[in-house]
Amino acid sequence: MSMRIRVIDSHTAGEPTRVIVAGAPDLGNGPMTERLERFRSEFDHIRSAVVNEPRGNDAIVGALLCEPFDRSCQAGVIYFNNVGFLKMCGHGTIGLATTLRHMGRIAGGTCRIDTVAGPVEARLNANGSVTIRNVASYRKAAGVAVAVPGAGTVHGDVAWGGNWFFLVSDHGQELAFERLEELTDYAWRIRQAVNVEHPEVDHIELFGRAAAAGAHSRNFVLCPGKAYDRSPCGTGTSAKMACLYADGKLRAGEVWRQESIVGSVFDGLVEVEDGKIYPHITGFAHVNAEADLILDERDPFCYGIQPSCAQATT
């Protein structure tokens, strides 16, 4: 038996997004949280087939486009990656809005998108960029000391920006593209150490001096599946700005320019409403492919290359 899944690919500041636009499993019409759990429990093989090798790679974030549960929204979405599901994705939402424009579903202005983390807004700007208004973000714990095997003690903040982050500045690492392997190993060791006391953290974000003109900071973000974020990370920049605001280092409406490890930049700012911090992130996405993914069950890697597949085929 075989099936086809229609996708549109884009990248946002270098980070890929693959949007499923047809052929997805029916997850019902309940809240986005319920649909995610059904996706996870009944159709996780579809997640793996769409983003993992041989059709995808570790960096791709998938987005299942669906009807919203919140009637104030124009679209719903469930984000996923090489190892599981994401409650929210900043670069992915910029990519999704650009894809919706490419499909002719939106032409301009602002649309609301129903995510697992809650509704977010995406505004299509005249210059082709997209500005998202993220979910409320906040710092949970400041100056957390973590003993990292082989690296000593580091200090960082645990913060929410749609996903959970541990943000570290006192790492002593050079944030250079040529050091990806070293940075990945270092951040992964921090992840394992911080999870002892903060198991909710699944993203590690290292900050350093910017290289791009006009940028305030450069980051290296390690995602849950051990891939690095090519973009400056929308939810990570949201978490960072929430911490800056809490420390009095960023005022409401003041622009923060965050550079990624590959040199791309997001413009961010925070809006404060009823005591809550709502980050705004602006970036560019570009559609680069439309395709039908063919899932043929005669293919031993039909549902993606996973550890169980490697063991079964050796």
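Model, not experiment: these values are computed from the prediction.

1. Here's the deal with the pattern of salt bridges
Now for step 1: In the structure shown here, the tally under the stated rule is 18 salt bridges.
Now for step 2: We note a salt bridge from Arg38 to Glu42, for which the minimum N-O separation is 3.4 Å. Linking Arg38 with Glu42, this pair stays in helix α1 (residues 32–42), spanning four residues, or about one helical turn.
Now for step 3: Judged by relative accessible area, Arg38 falls into the partly exposed class, the value being 31%.
Now for step 4: Assessed through its relative accessible area of 44%, Glu42 is described here as partly exposed.
Now for step 5: Asp44 is the partner of Arg47 in a salt bridge, and the nearest nitrogen-oxygen pair spans 2.7 Å. Linking Arg47 with Asp44, this pair stays in helix α2 (residues 44–51), spanning three residues, or about one helical turn.
Now for step 6: What emerges from the salt-bridge pattern is a single network uniting Arg4, Arg6, Glu290 and Asp292.

2. Quick word on the confidence of the model for the protein chain
Now for step 1: Overall, the predicted model of the protein chain reaches an average pLDDT of 96, with 97% of residues at or above 70.
Now for step 2: When the criterion is pLDDT under 50, residues 309–314 qualifies, and its contacts beyond four places in sequence or with other chains add up to three contacts.

3. Here's the deal with helix α4 (residues 180–194)
Now for step 1: Between its terminal C-alpha atoms α4 stretches 21 Å, which fits the 21 Å expected from 15 residues at 1.5 Å a residue.
Now for step 2: Among all positions of α4, only Leu180, Leu183, Thr184, Tyr186, Ala187, Ile190, Arg191, Ala193 and Val194 are buried.

4. Focus on the packing of α1 against α2
Now for step 1: Where α1 contacts α2, the axes come no closer than 5 Å and their chain directions differ by 85°. What the angle tells us is that α1 and α2 run roughly perpendicular. In this structure, α1 uses Phe39, Arg40 and Glu42 to contact α2, whose residues at the interface are Asp44, His45, Ile46 and Arg47.
Now for step 2: Here the contact of α1 with α2 is composed, by residue class, of two nonpolar, one polar and four charged.

5. Describing unusual backbone geometry
Across residues other than glycine, the phi torsion is negative in most instances, and most of the peptide bonds are trans.
Now for step 1: The residue after Glu53, namely Pro54, is reached through a cis peptide bond having omega 10°.
Now for step 2: Along the chain, the position of Pro54 falls in the loop between α2 and β3 (61–66).
Now for step 3: Residues other than glycine seldom take positive phi values, yet Lys226 does so here, at roughly 75°.
Now for step 4: Structurally, Lys226 can be placed in the loop between β13 (217–222) and α5 (234–246).
Now for step 5: Judged by its relative accessible area of 42%, Lys226 falls in the partly exposed class.
Now for step 6: Even without glycine at this site, Cys233 takes up a positive phi of about 75°.
Now for step 7: Note that Cys233 resides in the loop between β13 and α5.
Now for step 8: Assessed through its relative accessible area of 3%, Cys233 is described here as buried.

6. What to know about α1
Now for step 1: Every buried residue of α1 is accounted for by Met32, Arg35, Leu36 and Phe39. Down the axis of α1, the buried set is contained in an arc of 105°. They therefore lie on one face. More than 90 degrees from the buried face of α1, the exposed residues found are Glu34 and Ser41.

7. Quick look at the packing of aromatic side chains
Now for step 1: Counting across every chain of the model gives six aromatic pairs.
Now for step 2: When the centroid spacing of 5.8 Å and the interplanar angle of 90° are considered together, the rings of Tyr138 and Trp164 count as edge-to-face. Residue Tyr138 is found in strand β9 (residues 138–148), and its partner Trp164 is found in strand β11 (residues 164–168); the two are separated by 26 residues along the sequence.
Now for step 3: Given a relative accessible area of 17%, Trp164 falls into the buried group.

The rules behind these values
- Residue indices begin from 1 for each chain and proceed along its sequence in written order.
- Residue-level local features of this predicted model are given only where pLDDT is at least 70; pairs of side-chain atoms are given and counted only at 80 or more, and the full residue set underlies all totals for whole chains, interfaces and linings.
- Excluding hydrogens and water, the side-chain figures rest on all heavy atoms present in the structure.
- One speaks of a salt bridge when a side-chain nitrogen belonging to Lys or Arg is within 4 Å of a carboxyl oxygen belonging to Asp or Glu.
- Each helix corresponds to a stretch of at least 4 residues labelled H or I by DSSP, and each strand to a stretch of at least 2 residues labelled E; elements are numbered beginning at the N terminus.
- Partly exposed describes any residue whose relative accessible area lies between the buried limit of under 20% and the exposed limit of over 50%, with all areas from a 1.4 Å probe on protein chains only and scaled to the type maximum.
- Each residue carries a pLDDT score, the predictor's own confidence in it, on a scale running from 0 to 100.
- The contact criterion used is simple: two residues touch if any of their non-hydrogen atoms lie within 4.5 Å.
- Expected helix span is given by 1.5 Å per residue-to-residue step, counting one fewer step than there are residues.
- In this analysis an axis means a line fitted to C-alpha atoms, helices contributing only their contacting stretch, and an angle means the value between N-to-C directions, from 0 to 180 degrees.
- Note on angle classes: values under 35 degrees are labelled roughly parallel, values over 145 roughly antiparallel, values of 65 to 115 roughly perpendicular, and the remainder oblique.
- When residue character is reported, Ala, Val, Leu, Ile, Met, Phe, Trp, Tyr, Cys and Pro are called nonpolar, Asp, Glu, Lys and Arg charged, and the others, Gly included, polar.
- What the arc describes is the spread of directions from the helix axis to the C-beta atoms.
- Stacked, edge-to-face and tilted are the three classes for Phe, Tyr and Trp ring pairs, Trp counted by its six-membered ring, which pair at centre distances within 6.5 Å; planes under 30 degrees apart are stacked, over 60 edge-to-face, the rest tilted.

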